[in-house]
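Here are the chains, one letter per residue:
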Amino acid sequence: MTDFSCPLCDCAQFGMLEPEGDWLARAANADDERALIGKIVEGDESLAFGGIVRCADCGLATVQTPPTPDALGRFYSAYYASASYGTKRDKKIKRAAKRVKRVRRRIKSGGTRFLDVGSNLGYAVEGARLQGFEATGIEIDADAVLQAQADFPGGRFFVTTVEDFAQRGEQFDFVYCSEVIEHAVDIRGFADALMDLIAPGGVLFLTTPADGHRATPKPLVSWVQVKPPEHLHWLAKEHLLRLFGCDGFTPRFQFNPKPGHKLVLNRDL
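Since the model is a prediction, treat every value here as computed from it, not as a measurement.

Draft legend 1. Molecular detail of the environment of Cys55. Looking at the secondary structure, you find Cys55 in strand β2 (residues 51–55). Apart from residues no more than four positions distant in its own chain, Cys55 is found in contact with Cys6, Cys9, Cys11, Gln13, Phe14 and Leu60.

Draft legend 2. Main features of the pattern of salt bridges. Inspection of every chain in the model, using the stated rule, returns 12 salt bridges. Two residues, Arg89 and Asp151, come together in a salt bridge whose shortest N-O distance is 3.7 Å. Here Asp151 lies in helix α7 (residues 142–151) and Arg89 lies in helix α5 (residues 89–103), a separation of 62 residues in the sequence. What makes Arg89 partly exposed here is its relative accessible area of 34%.

Draft legend 3. Expanded view of the side chain of Thr207. Here Thr207 lies in strand β8 (residues 198–209). Only 2.9 Å separates the side chain of Thr207 from the side chain of Ser178, close enough to count as a polar contact.

Draft legend 4. Inspection of the nonpolar core at higher detail. Core analysis: the biggest nonpolar cluster contains 39 residues, and Cys6, Val117, Phe190, Leu194, Leu204, Leu206 and Phe244 have the highest contact counts within it. Listing elements by their share of this core, those giving two or more residues are β2, β4 (113–117), α8 (162–166), β7 (172–178), α9 (187–197), β8, α10 (237–244) and β11 (260–267). At 7 residues, α9 tops the list of elements feeding residues into this core. Apart from residues no more than four positions distant in its own chain, Leu194 is found in contact with Val117, Val162, Val175, Cys177, Leu204, Leu206 and Phe244. Among the nonpolar cores identified, the runner-up in size contains 23 residues, and Val103, Phe157, Tyr176 and Val203 belong to it.

About the cut-offs
Residues numbered from 1 in each chain as written. Predicted model: local features only at pLDDT ≥ 70, side-chain atom pairs only at ≥ 80, totals over all residues. Heavy atoms only, no water. Helix = DSSP H or I, 4+ residues; strand = E, 2+ residues; numbered from the N terminus. Contact = heavy atoms within 4.5 Å. Salt bridge = Lys/Arg side-chain N within 4 Å of Asp/Glu carboxyl O. Buried < 20%, exposed > 50% of the residue type's maximum accessible area, 1.4 Å probe, protein only. Polar contact = N/O pair within 3.5 Å; in protein donor to acceptor, adjacent residues only side chain to side chain. Core = buried A, V, L, I, M, F, W, Y, C linked by side-chain atoms within 4.5 Å.

Structural measurements only, silent on function.
In structure tokens, the structure reads:
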């Protein structure tokens, strides 16, 4: 049996939800992005993920064997994730601005420093800037950052990981992280870096596809959001509480009728 270590609790035992070969067969018959993802995975053995499994201890749904960061980098280059994201630009800026406006009342620090983790083409950074924030974005896709810098010169953009950026020592009054944590190989390191970036009295707004939501399709592996290796984990509410329910932080969940979490995390003053 292939070695397994749960990225959340380190348990070595799991239940198989769907072997890799079965998921690839499912993807081949899909009429959405899974078809392209399946072709890329089949053409690159370094992207093998073993299957979709559920940890026997904490219940996290995750891939059995995540690809290496280098392999994932090649995957994203082949997948052109940013190209598909570039549609409906104005609508996405307005949606981000609306989210920022709704959550900013949770900020107790009184500051206006904003950080988008996984800023892609810069839409949330621009949305925050329009709401009066000093806006920064970080992104691992260098091409996306170049485009964002050209389109939105009022923001700051950096090509970096959240873990490396947190080492700079900067903190922000509003940290925004939408649909990113499910891509991270090391979700604990990712979550720790996010919390380090929140200034005292600041807030994190995080979204991610939701395992365990009443609107999440069953079986889980049939869901379009189950598309490894683009997504590597599918977190339930208890998993987010395990990651972010630390001393000095107060987590709250916004209602969402769709199968996605909306976490608002306040850091104490």
